[in-house]
Amino acid sequence: NSRPTMVFFNSRENAAKGAEEVARQAGGVLVQVKKTARALGVVASRCADHRLAEQLRRGVGHHHAGLSTEDKRLVEGAFRAGELPILCSTVGLAQGVNLPAHLVVLCNTC
């Protein structure tokens with residue numbers, strides 16, 4: 001069972017870049033469970049943001065105010081359901097959304 005991790009960044013671009021770097025470093029290990037890979041594939045297919053969709057297929061996502069309301073809802077739902085192991089976000093998410101996380105990391109938040 002995965003332990004959800006949230007990583008907070010100081011900007012929208014850094015949150016998206018951070019998610020890409022985590023996905024690159026993880027090398028697919030985050031979606032080795034077929035059920036998780038399938039669920040994230042479905043979520044990714046519904047995303048309007050192509051950058052986000054590619055990250056989701058690799059087990060990582062990003063969240064910030066620049067995403068569409070629907071993309072934010074999809075990412076939040078996948079994280080809350082335990083399907084998305086790592087979520088990179090701006091600190092704004094911490095102020096308004098209650099999402100369970102086992103580990104929280106702060107990067108470039110000052």
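Conventions adopted
Residues numbered from 1 in each chain as written. Predicted model: local features only at pLDDT ≥ 70, side-chain atom pairs only at ≥ 80, totals over all residues. Heavy atoms only, no water. Helix = DSSP H or I, 4+ residues; strand = E, 2+ residues; numbered from the N terminus. Rg over C-alpha atoms; globule rule 2.2 N^0.38 Å. Contact = heavy atoms within 4.5 Å. Areas by Shrake-Rupley, 256 points an atom, 1.4 Å probe, with all protein chains shown as cover. Lys, Arg positive; Asp, Glu negative; His and termini not counted. Charge placed at Lys NZ, Arg CZ, Asp CG, Glu CD. Buried < 20%, exposed > 50% of the residue type's maximum accessible area, 1.4 Å probe, protein only. Pairing = 2+ DSSP bridges. Right-handed = clockwise from strand over helix to strand, strands pointing away. pLDDT = per-residue confidence, 0-100. Axes fitted to C-alpha atoms, helices over the stretch in contact; angles between N-to-C directions. Parallel < 35°, antiparallel > 145°, perpendicular 65-115°, else oblique. Nonpolar A, V, L, I, M, F, W, Y, C, P; charged D, E, K, R; others polar.

Caption draft 1: Structural context of the overall build of the protein. Secondary structure summary: the protein contains five helices and four strands in total. Reading the helices (α) and strands (β) of the protein from amino to carboxyl end gives β-α-α-α-β-α-β-α-β. Taken over C-alpha atoms, the radius of gyration comes to 12 Å for the protein, in line with the 13 Å a tight globule of 110 residues would show. With the principal axes as the frame, the protein shows a C-alpha extent of 40 × 25 × 25 Å. A sequence separation of at least 24 residues applies to 70% of the contacts in the protein between residues at least 6 apart. For the protein, the exposed surface amounts to about 6100 Å²; the carbon and sulfur share of it is 50%. For the protein, the distance from the average site of its 14 positive side-chain charges to the average site of its 9 negative ones is 6 Å.

Caption draft 2: Looking closely at the pairing of strand 2 (residues 60–63). A two-sided burial pattern is seen for strand 2, the buried positions comprising Val-60 and His-62 on one face and Gly-61 and His-63 on the other. Alignment of strand 2 against strand 3 (residues 86–90), held across four bridges, turns out to be parallel. Considered in strand 3, the bridge of His-63 is made with Ser-89. Regarding the hand of the β-α-β motif, the stretch spanning strand 2, helix 4 (residues 69–80) and strand 3 is right-handed.

Caption draft 3: Local environment of the confidence of the model for the protein. Per-chain confidence: the protein averages 87 in pLDDT, with 93% of residues scoring 70 or above. Ranking the helices and strands of the protein by mean pLDDT puts helix 4 first, with 95, and helix 5 (residues 92–96) last, with 72.

Caption draft 4: Inspection of the packing of helix 2 (residues 34–46) against helix 3 (residues 50–57) at higher detail. At a minimum axis distance of 8 Å, the contact between helix 2 and helix 3 shows a crossing angle of 175°. It follows that helix 2 is roughly antiparallel to helix 3 by the angle criterion. On helix 3, the residues that touch Leu-40, Val-43, Ala-44 and Ser-45 of helix 2 are Ala-53, Leu-56 and Arg-57. Of the residues belonging to the contact of helix 2 with helix 3, the class tally is five nonpolar, one polar and one charged.

Caption draft 5: Inspection of the side chain of Gln-55 at higher detail. Summarising the element assignment, Gln-55 is placed in helix 3. Gln-55 has contacts with Ala-16, Ala-19, Glu-20, Val-60, Gly-61 and His-62, leaving out every residue within four places of it along the chain.

Caption draft 6: Geometry of the sheet that holds strand 3. Across the sheet, four strands lie side by side as 2-3-1-4; this open sheet has parallel pairing. Only two strands of the sheet have a single partner each, and these edge strands are strand 2 and strand 4 (103–106). In this sheet, adjacent strand axes meet at a mean angle of 20° when their direction is disregarded.

Caption draft 7: Seen up close, the packing of helix 2 against helix 4. Their axes nearest at 10 Å, the elements helix 2 and helix 4 cross at an angle of 170°. On the basis of the axis angle, helix 2 is roughly antiparallel to helix 4. Facing Leu-40, Val-43 and Arg-46 of helix 2, the residues of helix 4 in contact are Asp-71, Leu-74 and Ala-78. Residue composition of the contact of helix 2 with helix 4, by class: four nonpolar, no polar and two charged.

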